[in-house]
Structures are given as structure tokens and as C-alpha cells.
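Summary of the model geometry
One letter stands for each residue in the lines below.
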Amino acid sequence: MFIAMLGIGLIIPVLPQFLNEFQAGGKTAGYLIAAFGLTQFVFSPFGGEWSDKYGRKILIVAGMLLFAVSNLLFALAHETWMLYLSRLVGGMSAALMIPAMMAYVADITTEEGRGKGMGLLGAAMSLGFVIGPGIGGLLAGIALRMPFYVSAGAGALAMIGSILVLPETRSKEQQLESRQSTVKQESMLRQLMQSLKAPYFILLVLVFTLTFGLSNFEAVFPLFVDRKYSYTTGDISILITVGALVGTVIQAAAIDRLIHRFGEKKLINATFLLSAIMLVLMLLSGNFVYMLVLTTLFFTFTSIMRPAINTLLSKMAGNEQGFVAGMNNAYMSLGNIFGPTAAGILFDLNLSFPYAFGAVVLVFSLYLSMRFGRKAGPVMQRAAGE
């Protein structure tokens, strides 16, 4: 999961300089970032369903293979269409891997231990997503295309490791039963429509808004602090790396205890509110220590929020783990499409607009969460074990 999410963030710091070779500008940069989310969105439901029918392991292995191919294509690209092809293949890799990984965790954990399992998976996801730009920047100092060669190699090693040591969690009988099911493969539109009627629909919307807020933040963060506060590349690397590490450690070490003490609903509501406050406060001062504290808190709150939502989703999914994991990934990929796109457009209008708008989205998410909690209280309470 870490390697998969790394691929999303890896491109961001390298992209401006890299695109100079292709005489391409900001519009191309935004489209490349969104291209990954596009194919991730289209193929996510298939990834979840195929993991039910053919097993989790084969989807994870296939996803890592496509991931390695995607980064190798980017490293070897000499025309713009190759860059787009690379990111489209990368989105397909995430669509296959992520639902299978989430369903895998659900397979091997009890409901009581589900929070811890999702927390560890979420920690790997969050760390990869936010530390990607830092690693990409460091490797680019050696050679501009080095980040993509290294990422491709890491993906290939992860694929080999998965083949050799990863046990399958879904029995042959379960796979056969899923393949023999008389329920026909639904189109993406039908699956989305089906998710609209599900009791956990608002949780999927919250997955979208969380991802929107995080990708909105990350897409323009280096440009924001550079132009608004004149930060150096070193300053930006420290902010991202420290924030990512602290948030991920807290997530991995404390999410299970936090869920058991406060419950998923309270954690989700609190972290949406606090994350929005952090975005607004970032607009008020450029003091480095001040910004370091705010970015660390923002990463921490979003790192806690994701496994809390995923855990409640998994508990409410029942026997639909594969479908819900696929929809989770689909809504997440929509956030990865619209978050960077909106951030880029708003940033060109005003440096502060992306974060102001991101805060509005997160506050609206809090409203949805609280309203959903009241409307579906009994169902959520049973799912959350309250």
C-alpha cells in the first residue's frame, strides 16, 4: 500500500521541471495528476469484484506489475502521450491493488481488531501519499528521471515478494461461489447508483471529501508556501516529511485505542472539524515553526480520519466487503481527480483560494457526517458495536 500511494505523490515535485522537457505547462500538469485518478475510478469496482472471484493475491500481484510498468513508462517517456499513458496505467494498478488489500485486511481480522488492521493499512497509505513528494524531490537531485526508475524497481520487488510470501485469504470454494453467482456484472454507473442506496453511502461521500481535501492540500502546497511565504525546497521537504512521519506514527500506534475509546463517529466528526481549522490557520502566518505545527496536525487528523471511516465502512459492509472496497477506491479516486484539478484552477485565481475552499469542503463533510449519524443512528450503532 505504501508503494502504491507513493506513486501518486512522487510525481508532484518533479513534474514542473520534468515538463519543461516537453514544453508543457500547468494545464498538462493538472491533467496528468487527474489521469491517475480517472482510470483508478473506472476500474475500481472491477478490482473489488475480481478479488472476490479470483482471490486477493492475484489482484495485488497484477496491480504491482502495472505499477512498475507505469513508472518505467514515465521514466522512458520522450513524448507527452507516453506521460498520459503512464499515469493511466498507474491508475489501473491502484484500482486493482487497493480494494484487494482492504478486503484482505477484512478477511484476516475480527470486527474487534478491524480498526487496528485498517489503521496499519491507512498508515501505509497516508505515509506513501504524503512522503512521495519528498522522496521524489531527493531522487530528482541525482537525476531527473531517477524517482521513476527507483519506483518501478520497488514495485517489481513488491510484486515478487507478494508472489513468494503472501498467502491467499479467500478459499477456492469462496472464489468459485462468487464466480458462479447469478448476479451479473454491473456497469460502473449501476454500481454507483447501487452505492447511492446503500446505508453506508454517506461514508463513501466522506471518503471522497477526505481524499479531495488531502489531494487539494498536497497538489499546491509547494507552490503555496513558495509564493506566499518564500519557503525553500529544504523547508518544504521538512514540513512534508515531519508531518507525514508524526501523523503516520500516531495513526499506527493509537488508532485502535482511539476507536475503542471514542468510537468511529466521534473521531470522524472531530477530525473533519480540526482539519478544516488547520487549513484556515495556514493562511494567517508564514512563520516556519507555526506552519510545521499546523501541517503536522493536519496530517495527523487526516491520518486518523481515514481508518476511522474505513473501519465503520467495513463493519457496515457485511458480506459485501469486495464491493464496498471497490466503491471505497472509486470514491477515493474521484477525490484524486477533482482535488488537484480544483486546487490548480483556484490557485491561479488566488493563492489562498484552494485552502479556503478545502476548509469549506471539510466543514460540509462534518455536517453530512453529523446528519448521517442522526438519520442512521441505530444502524451505525450496531455496526460500531455501541
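A short tour of the structure in this document, coming up. All of these numbers come straight from a predicted model, not from anything done at the bench.

1. Examining the overall build of the protein
A tally of helices and strands in the protein yields 15 helices and zero strands. The burial tally for the protein puts 57% of its 386 residues in the buried class. Within the protein, residue pairs in contact and separated by at least 24 positions form 86% of the contacts whose partners lie at least 6 positions apart. Put simply, the protein shows about 16,100 Å² of open surface, and 67% of that area lies on carbon and sulfur atoms.

2. Focus: the packing of helix α9 (residues 201–229) against helix α12 (residues 288–317)
With their axes 10 Å apart at the nearest point, α9 and α12 run at an angle of 165 degrees to one another. As summarised for this structure, α9 and α12 are arranged roughly antiparallel, according to the angle between their axes. The hand of the α9/α12 crossing is left-handed. Contacts between α9 and α12 involve L203, L204, L206, V207, L210, T211, G213, L214, F217, F221, V225 and Y229 from the former and M291, T295, F298, F299, T302, M305, R306, I309, N310, L312, L313 and M316 from the latter. Across the contact of α9 with α12, the residue classes tally to 18 nonpolar, five polar and one charged.

3. Overview of the pattern of salt bridges
As a working rule, side chains carrying opposite charge can pair if their charged atoms are close by. Enumeration over the complete set of coordinates arrives at five salt bridges. Between E49 and K53 there is a salt bridge whose closest N-O contact spans 3.1 Å. One end of the pair is E49 and the other is K53, both in helix α2 (residues 26–54) and four residues apart, which spans about a single turn. The exposure classification of E49 matches that of K53, with both residues buried. In this structure, R56 engages D107 in a salt bridge whose closest nitrogen and oxygen atoms are separated by 2.8 Å. On the criterion of sequence distance, the pair formed by R56 in helix α3 (residues 56–76) and D107 in helix α4 (residues 80–108) is long-range, its members being 51 residues apart. Its relative accessible area of 2% is what places R56 among the buried residues.

4. Observations regarding the packing of aromatic side chains
Taken as a whole and assessed by the stated rule, the structure comprises 16 aromatic pairs. On the numbers, 5.5 Å between centres and 90 degrees between planes, the contact of F217 with F299 is edge-to-face. Note that F217 is positioned in helix α9 and F299 in helix α12, a separation of 82 residues in sequence. The buried category is assigned to F299, whose relative accessible area is 5%. Through a chain of ring-to-ring contacts, three or more aromatic side chains come together here, namely F217, F221, F224, Y229, Y231, F288, F298, F299 and Y355.

5. Remarks on the packing of α12 against helix α13 (residues 321–349)
Across the interface, α12 lies against α13 with an axial gap of 9 Å and an inter-helix angle of 145 degrees. Crossing of α12 against α13: the hand is right-handed. Side by side, α12 and α13 meet where R306, N310, L313, S314 and A317 of the first sit next to Q321, V324, N328 and M332 of the second. Among the residues forming the contact of α12 with α13, the class breakdown is four nonpolar, four polar and one charged.

6. Some points on the environment of F217
Judged by its relative accessible area of 1%, F217 falls in the buried class. Ignoring sequence-local partners within four residues, the contact set of F217 consists of L279, M282, T295, F298, F299 and Y355.

7. Examining the side chain of S162
Tracing the backbone shows S162 in helix α6 (residues 146–165). Judged by its relative accessible area of 12%, S162 falls in the buried class. In this structure the side chain of S162 is engaged in a polar contact, spanning 2.9 Å, whose partner is the backbone oxygen of A158. The contact partners of S162, leaving out residues within four places of it in the chain, are K57, I60 and V61.

8. Re the nonpolar core
Membership of the largest hydrophobic core comes to 85 residues, with the highest contact counts inside it found for Y200, F221, F298 and I309. Ranked by residues supplied to this core, first place goes to α9 with 15 residues. Dropping the residues within four chain positions of it, F221 is found in contact with I236, L239, I240, M291, T295 and Y355. V14, L19, F22 and L144 belong to the second largest nonpolar core, which has 13 residues in total.

Rules used in this analysis
Residues numbered from 1 in each chain as written. Predicted model: local features only at pLDDT ≥ 70, side-chain atom pairs only at ≥ 80, totals over all residues. Heavy atoms only, no water. Helix = DSSP H or I, 4+ residues; strand = E, 2+ residues; numbered from the N terminus. Buried < 20%, exposed > 50% of the residue type's maximum accessible area, 1.4 Å probe, protein only. Contact = heavy atoms within 4.5 Å. Areas by Shrake-Rupley, 256 points an atom, 1.4 Å probe, with all protein chains shown as cover. Axes fitted to C-alpha atoms, helices over the stretch in contact; angles between N-to-C directions. Parallel < 35°, antiparallel > 145°, perpendicular 65-115°, else oblique. Left-handed = near helix turned anticlockwise from the far one by under 90°. Nonpolar A, V, L, I, M, F, W, Y, C, P; charged D, E, K, R; others polar. Salt bridge = Lys/Arg side-chain N within 4 Å of Asp/Glu carboxyl O. Phe/Tyr/Trp six-rings, centres within 6.5 Å; stacked < 30°, edge-to-face > 60°. Polar contact = N/O pair within 3.5 Å; in protein donor to acceptor, adjacent residues only side chain to side chain. Core = buried A, V, L, I, M, F, W, Y, C linked by side-chain atoms within 4.5 Å.

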